[in-house]
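Report on the structure
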Amino acid sequence: MKASKLLKIIRKDLENYPIDYLKNKITDPRYRDPLTKKLAKYNSGVYDEIYSTEIAEDFEINDKVIKNIRSDIGFYFDRYAGGDDINKRFTENISLYLALIAKKPLHPFSLDKKDDVYFDEGNYYCKTRITAIHDERSLCRYCICKNVSFQMMF
């Protein structure tokens, strides 16, 4: 499938997602957990990016990879968040966009090497990828992040 076609499908799937709810989590005092706020900010920013992205040079994306990502996210949601179809579809589409079109990490990142996911010298790194990739049907295998070597942790 062409990337431009996948982007159209993603946009169509996200049309009815209640994005204002997610964006409000960023400033809503009821959500005190900094990780929740960080994820809400990252994912709502990606949502906006999906609608502003234009693919200048189209490229092929393997249909099997798209199917596998959807299946692996389905596995996760069935196991840990049964019945949450709205957020499952949102997660599928955000992940497909990040991994296959934008080539960005599936998790929020920063420029600070103290964070778990960070950008440095043209590459994305994840401190937990080296272990999390071994989890059953882990999405880490689709993420652009590189493992952090032992020396880079200090």
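Up top is the structure these notes are about.
Anyway, here's the lowdown on the structure attached to this text. (Residues numbered from 1 in each chain as written. Predicted model: local features only at pLDDT ≥ 70, side-chain atom pairs only at ≥ 80, totals over all residues. Heavy atoms only, no water.)

1. Section: the overall build of the protein
Within the protein, the secondary structure is distributed over 6 helices and 3 strands. Taking 154 residues into account, the globule formula puts the C-alpha radius of gyration at 15 Å, and the protein, at 16 Å, falls close to it. Counting only C-alpha atoms, the protein reaches 45 × 40 × 35 Å along its principal axes. Looking at the protein as a whole, 38% of its 154 residues qualify as buried. Taking the intrachain contacts of the protein between residues at least 6 apart in sequence as the baseline, contacts between residues at least 24 apart amount to 58%. For the protein, the accessible surface area stands at approximately 9,700 Å², while carbon and sulfur atoms represent 53% of it. (Helix = DSSP H or I, 4+ residues; strand = E, 2+ residues; numbered from the N terminus. Rg over C-alpha atoms; globule rule 2.2 N^0.38 Å. Buried < 20%, exposed > 50% of the residue type's maximum accessible area, 1.4 Å probe, protein only. Contact = heavy atoms within 4.5 Å. Areas by Shrake-Rupley, 256 points an atom, 1.4 Å probe, with all protein chains shown as cover.)

2. Description of the sheet that holds strand β3 (residues 146–147)
The 3 strands are arranged β1-β2-β3 in an open sheet whose pairing can be described as mixed. With partners counted over all chains shown, the strands left at the sheet margins are β1 (117–120) and β3, one partner each. The sheet contact formed by strand β2 (residues 123–126) and β3 spans 2 bridges and is parallel. Note on β3: the bridge partner recorded for Tyr125 is Lys146. (Pairing = 2+ DSSP bridges.)

3. Quick notes on the packing of aromatic side chains
Taken as a whole and judged by the stated rule, the model has 8 aromatic pairs. A ring pair is formed by Tyr17 and Phe90, whose centres lie 4.1 Å apart and whose planes are at 20°; its orientation type is stacked. One end of the pair, Tyr17, is in the loop between α1 (3–14) and α2 (19–25); the other, Phe90, is in helix α5 (residues 85–102), with 73 residues separating them in the sequence. There is no split in this pair, since Tyr17 and Phe90 are both buried. Aromatic rings pair up to connect Tyr42, Phe109, Phe119 and Tyr124 into one cluster. (Phe/Tyr/Trp six-rings, centres within 6.5 Å; stacked < 30°, edge-to-face > 60°.)

4. Notes on the packing of α1 against α5
Contact geometry for α1 and α5: axes closest at 10 Å, N-to-C directions at 155°. Of the possible angle classes, the one that applies to α1 and α5 is roughly antiparallel. Relative to α5, the crossing made by α1 is left-handed. Mapping the contact onto sequence places Ala3, Leu6, Leu7, Ile10, Asp13 and Leu14 in α1 and Arg89, Phe90, Asn93, Leu96, Tyr97, Leu100 and Ile101 in α5. (Axes fitted to C-alpha atoms, helices over the stretch in contact; angles between N-to-C directions. Parallel < 35°, antiparallel > 145°, perpendicular 65-115°, else oblique. Left-handed = near helix turned anticlockwise from the far one by under 90°.)

5. Description of helix α4 (residues 63–80)
Compared with an ideal rise of 1.5 Å per residue, which puts 18 residues at 26 Å, α4 spans 26 Å between its outermost C-alpha atoms and is within 8% of the ideal. Of all the residues in α4, the buried ones are Ile66, Ile69, Arg70, Asp72, Ile73, Gly74, Phe75 and Phe77. Elements in contact with the buried residues of α4: α1 and α5. (Expected span 1.5 Å × (residues − 1).)

6. Side note on the packing of α1 against helix α3 (residues 34–52)
Between α1 and α3, the least distance of the axes is 10 Å, while the angle of their chain directions is 125°. Between α1 and α3, the angle falls in the class oblique. Helix-helix and strand crossings are classified by hand; for α1 and α3 the assignment is left-handed. Where α1 approaches α3, its residues Leu7, Ile10, Arg11 and Leu14 are matched on the opposing element by Tyr47, Ile50 and Tyr51. Residue composition of the contact of α1 with α3, by class: 6 nonpolar, no polar and 1 charged. (Nonpolar A, V, L, I, M, F, W, Y, C, P; charged D, E, K, R; others polar.)

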